[in-house]
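Read off the chains here:
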Amino acid sequence: GAVVSQHPSWVICKSGTSVKIECRSLDFQATTMFWYRQFPKQSLMLMATSNEGSKATYEQGVEKDKFLINHASLTLSTLTVTSAHPEDSSFYICSAAPGGNGGFFGPGTRLTVL
Amino acid sequence: QKEVEQNSGPLSVPEGAIASLNCTYSDRGSQSFFWYRQYSGKSPELIMSIYSNGDKEDGRFTAQLNKASQYVSLLIRDSQPSDSATYLCAVNKGGTDKLIFGTGTRLQVFP
């Protein structure tokens, strides 16, 4: 299947700082990527759709000014968690797929905010 | 009603048995259906995709779709302890590429 990578795999930061997470499609171009968040023992919740060359679209309840998404190229989308707080601690996962249907997931980034 | 519903389990089956995982969805506009396997602490791994009514087989896995009943299932034949994981059903939101996930069914295969 298609390969999607994420970096970093885990990050610990202090409250109030910003954290950037990268999502790359390694063997295909992705005009659309998706960002999810998963809290312990819960399912994946779609946060936003990242569109190459245009603004991301956010799901209801997700603050676009807090979770900044940039999709500057056909292989890279970034999610920046601004002014992170402990409640933002979660497992952040991106997905993408050839053809646009977001079927393949990156390995995820575990964020811990102290 | 949740958009995608799954029994949380755990579903316990002995090694070598058939595990049957079920999922219902509410959006009649959905056209794409996926089963993912997620091990604890890892991201989901795509197992099967199905787009039309009927059965689709891939190795030990068979996905079944019934759009009239808004029901999709996954059968795992000859279950192995390594199959123990949480299985997530995902359905596209009608008319979009967005995936909506169920809460997952935890499968335990005991030797």
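Preceding block: the structure.
These remarks concern the structure in this document. Being a predicted model, the structure only gives us computed values, none of them experimental. In this numbering scheme, every chain counts its residues from 1 along its sequence in written order. As a convention, the first chain written is A and the first ligand written is 1, with the rest following in written order. Restriction of local features to residues with pLDDT of at least 70 applies here, the model being predicted, together with a cutoff of 80 or more for giving and counting side-chain atom pairs; totals for whole chains, interfaces and linings are based on all residues. No hydrogens and no water enter the side-chain calculation; it runs on all heavy atoms of the structure.

### Description of the overall build of chain B
Then step 1. Runs of E in the DSSP output that reach at least two residues are strands. Runs of H or I that reach at least four are helices, and both are numbered from the N terminus. Along chain B, the regular secondary structure elements total 0 helices and 11 strands.
Then step 2. Tracing chain B from N to C terminus, the helices and strands come up as β-β-β-β-β-β-β-β-β-β-β.
Then step 3. Here the radius of gyration uses the C-alpha set of atoms, whereas the globule reference equals 2.2 Å times the residue count to the power 0.38. Over its C-alpha atoms chain B spans a radius of gyration of 13 Å, differing by no more than 12% from the 13 Å that the globule rule assigns to 111 residues.
Then step 4. For chain B, the C-alpha atoms occupy an extent of roughly 45 × 30 × 20 Å along the three principal directions.
Then step 5. Any residue under 20% of the maximum accessible area for its type is buried, any over 50% is exposed, and the rest in between are partly exposed; the area is computed with a 1.4 Å probe on protein chains only. A buried classification covers 42% of the 111 residues belonging to chain B.
Then step 6. Long-range contacts, defined here as pairs at least 24 residues apart, represent 54% of the contacts in chain B between residues at least 6 apart.
Then step 7. Per element, the accessible surface of chain B, about 5,300 Å² overall, is 47% carbon and sulfur.
Then step 8. Looking at charge distribution, chain B has the averaged site of its 11 positive side-chain charges lying 5 Å from that of its 11 negative ones. Working rule for contacts: check all heavy atoms of both residues, and any pair within 4.5 Å makes them a contact. Methods summary: accessible areas were calculated by the Shrake-Rupley approach with a probe of 1.4 Å, and residue burial reflects only the protein chains presented. All tallies of charge rest on Lys and Arg as positive and Asp and Glu as negative; His and the ends of each chain are not included. To locate a charge, take atom NZ for lysine, CZ for arginine, CG for aspartate or CD for glutamate.

### Here we look at the packing of aromatic side chains
Then step 1. Stacked, edge-to-face and tilted labels apply to pairs of Phe, Tyr and Trp rings (six-membered ring for Trp) whose centres lie within 6.5 Å, assigned for plane angles under 30 degrees, over 60, and everything in between, in that order. A complete count under the given rule lists 9 aromatic pairs over all chains for this structure.
Then step 2. Each ring, one from B:F34 and one from B:Y36, has its centre 6.3 Å from the other, and the planes form 40 degrees; the classification is tilted.
Then step 3. By relative accessible area, which is 0% here, B:Y36 ends up buried.
Then step 4. One aromatic cluster is present, built from ring pairs that chain together A:Y36, A:F105, B:F34, B:Y36, B:Y51 and B:F101.
Then step 5. Only lysine NZ and arginine CZ atoms are considered, and such an atom sits over a ring when it is within 6 Å of the ring centre and within 35 degrees of the ring normal. The ring of A:F91 carries A:R110 above its face, with NZ or CZ at 4.3 Å from the centroid.
Then step 6. Sitting above the plane of the B:F61 ring, B:R60 keeps its charged end 5.5 Å from the centroid.

### A few points about the sheet that holds strand β3 (residues 19–25) of chain A
Residue and element names in this part refer to chain A.
Then step 1. Strand pairing is defined by DSSP finding a minimum of two bridges between the two strands. Taken in spatial order, the 4 strands of this open sheet run β1-β3-β8-β7, and their pairing is antiparallel. Among the strands making up the open sheet, the edge pair consists of β1 (4–7) and β7 (67–73). In this sheet, adjacent strand axes meet at a mean angle of 20 degrees when their direction is disregarded.
Then step 2. Both β7 and strand β8 (residues 76–81) contribute to a ladder of 5 bridges, which runs antiparallel. Bridge pairing links F67 to V81 in β8. Here an angle of 0 to 180 degrees is reported between the N-to-C directions of two axes, which are lines fitted to C-alpha atoms, with helices fitted over the stretch in contact.

Taken by themselves, the reported measurements are silent on function.
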